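# Notes for the structure review
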Amino acid sequence: MSFLSHPVSVTFSMIRLHSTQEVHHQVPLHEAIFLVPTMGALHVGHEALIIKAKERAKERTEQFGGQSKVVVSIFVNPIQFDRAADLEDYPQPLEEDLKKCKALGVDYVFTPDSKEFYASDRSIKVSENALSALLCGATRPGHFDGVCTVISKLLNVFRPVGAIFGEKDYQQLAIIRRLARDLNFRTEVIGLPTVREPSGLALSSRNLRLNEETREQAPAIRTAMLAAYEKFSSGTTSADRLLAIIRMYLEKNAPLSTIDYLECVCAESLQAIREVDKPAVIAIASFFGDVRLIDNIQLHPSSI
Ligand code: PAF
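Keep in mind that this is a model prediction, so the values were computed, not measured.

### Re the sheet that holds strand β3 (residues 68-74)
Pairing is parallel in the open sheet, where six strands are placed in the order β1-β4-β3-β2-β5-β6. Only two strands of the sheet have a single partner each, and these edge strands are β1 (15-17) and β6 (188-192). Between one strand axis and the next, the sheet turns by 25 degrees as a mean value, whatever way the strands run. Looking at chain direction, strand β5 (residues 162-166) and β6 are connected through five bridges and run parallel. Pairing of G166 across the sheet is with L192, part of β6. Packed onto the sheet, helix α4 (residues 94-103) meets β1, β3 and β4 (108-110) and runs at close to 165 degrees relative to β3. Those strands touched by helix α7 (residues 143-158) are β1, β2 (32-38), β3, β4 and β5, and its axis lies near 155 degrees from that of β2.

### Comments concerning the side chain of S132
Here S132 is to be found in the loop between α5 (114-117) and α6 (136-139). Sequence-distant contacts of S132, that is, excluding residues within four places in its chain, are made with G137, A138, F144, Q171 and I175.

### Quick notes on unusual backbone geometry
Phi at R159 takes a positive value of approximately 45 degrees, unusual for a residue other than glycine. Counting through the fold element by element, R159 comes out in the loop between α7 and β5. The exposure class of R159 is exposed, given its relative accessible area of 65%. Of note in this structure, L270 is not a glycine but carries a positive phi near 65 degrees.

### Thoughts on the pattern of salt bridges
When the charged atoms of two side chains lie near each other, side chains of opposite charge can form a pair. The tally for this structure, following the rule as stated, stands at 14 salt bridges. With a shortest N-O distance of 3.8 Å, E55 and K52 are connected by a salt bridge. Here the residue E55 and the residue K52 both occupy positions in helix α2 (residues 44-64), the gap between them amounting to three residues, near one helical turn. Residue classification places E55 among the partly exposed positions, given a relative accessible area of 40%. Take K52: its relative accessible area is 24%, and that puts it in the partly exposed class. Salt-bridge contacts for D86 lead to R83; the nearest nitrogen and oxygen are separated by 2.8 Å. Counted as one network, the salt bridges with shared partners bring together R56, E59 and E188.

### Some details on the site of the ligand
Neighbouring residues of the ligand: P37, T38, M39, N77, Q80, V150, I151 and Q172. Between the ligand and the protein, one listed contact pairs an oxygen atom with a side-chain N or O atom of Q80 at 2.6 Å. Within the contact set of the ligand, an oxygen atom lies 2.7 Å away from a side-chain nitrogen or oxygen of Q172. Within the complex, 87% of the 290 Å² of free accessible area of the ligand lies under protein. Listing elements by their share of the shell around the ligand, those giving two or more residues are β2 and α7. Of the residues in the shell around the ligand, the class split is four nonpolar, four polar and no charged.

### Notes on the packing of helix α10 (residues 220-233) against helix α11 (residues 239-253)
One way to put it is that α10 packs onto α11 with a least axis distance of 9 Å and a crossing angle of 150 degrees. Every pair of crossing elements has a handedness; the one defined by α10 and α11 is right-handed. Contact residues: A220, I221, T223, A224, M225, A227, A228, K231 and F232 in α10; L242, I245, I246, Y249, L250 and N253 in α11. When the residues that make up the contact of α10 with α11 are grouped by side-chain class, the tally is twelve nonpolar, two polar and one charged.

Calculation rules
Residues numbered from 1 in each chain as written. Predicted model: local features only at pLDDT ≥ 70, side-chain atom pairs only at ≥ 80, totals over all residues. Heavy atoms only, no water. Pairing = 2+ DSSP bridges. Helix = DSSP H or I, 4+ residues; strand = E, 2+ residues; numbered from the N terminus. Axes fitted to C-alpha atoms, helices over the stretch in contact; angles between N-to-C directions. Contact = heavy atoms within 4.5 Å. Buried < 20%, exposed > 50% of the residue type's maximum accessible area, 1.4 Å probe, protein only. Salt bridge = Lys/Arg side-chain N within 4 Å of Asp/Glu carboxyl O. Near = heavy atom within 4 Å. Polar contact = N/O pair within 3.5 Å; in protein donor to acceptor, adjacent residues only side chain to side chain. Areas by Shrake-Rupley, 256 points an atom, 1.4 Å probe, with all protein chains shown as cover. Nonpolar A, V, L, I, M, F, W, Y, C, P; charged D, E, K, R; others polar. Left-handed = near helix turned anticlockwise from the far one by under 90°.

Right, dumping it as C-alpha cells:
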C-alpha cells in the first residue's frame, strides 16, 4: 500500500520544532491547532490521522475564520516502554517521516529531544487508575502512565482544539478520553477507525516484523473477529460464545498465533462482560512469534 495516494501542494512549507521553547516562539497563540501525536515510523494509518486533522482544520477555518494548523509530534516516548529492548529496537526513520509529513501538508512537526522534554529531576507523572490496569495494561506495568504523561505534556505544549488517535489502540483512546475529561483539557479527543490492509490486517509498524508465515496467518485475527460479529448480528449476545468463535477460528487458521488476551468488555469501563447488552468491544492481543498484534471490534446492541 502506498503512503501517499492524495495530491499534494508543492508550494508548502513545514516548520520543524525541536523544543518546547521553539513552540512558544514559533506557534502563535491565536492559531487553532489539531494535533496528531505519533512515535514516528509513519504508515498509512498515520496518514489517515493526518488527513483527518487537515479536514478538521479546514472545517474550523471555514466555520470560524482565523488560522487552523496541523501539528504532528514525532517522539518515541521512553517512559511508556516497559522493556528497554523494545525502546532500543523501535524504528526511527525520521528523515522519511519528515518527508511524509511535508508531502501531506502538515504545518508543524514537533520532534523534541527526550532530555529536553523530560527534566532529569522530573517528579510528576499522570496516572489513570481504572482502565489502565486492564487488557494491555495487565502485562505492561507503567505503560499507560507513560502515555498519559506524554499526552498531558503535549496537550499543555500545544493546547490543541482537537487531538486525533486511531481506534486500533482502543484502550489507549479510552484512557486518553478519560484523561481529557478528568483533567479538563480543552481538547476534543477524536477517534478514527482502524485502517486495514486489503487482507483485513490492522496497519501497524509491527507488521514489518512479521515473517512470511506469520504474515500469512495474521489477517486471521480480523476474519475471526468478523465471524464473531456476524454471530452477534444474528442475535448471539453471550460473550463466552462470541469469544469461543474467535478462539476456535484462530486455532484452526492461525496455528502460529498465541493469544495474550481475548476479552469482551464494556466499551466505556473496559470491564469484562458476560452479555453484550450495552456497547461493547471485543479486544485481542496475540503473539505471532515475538510480534504482538492487537485489534478490536465494536459491538452495538442497537444494531442487532
Ligand atoms: O500510539 C502511539 O503512537 C503512542 O502511544 C502515543 C499516543 C503517540 C503516545 O506516545
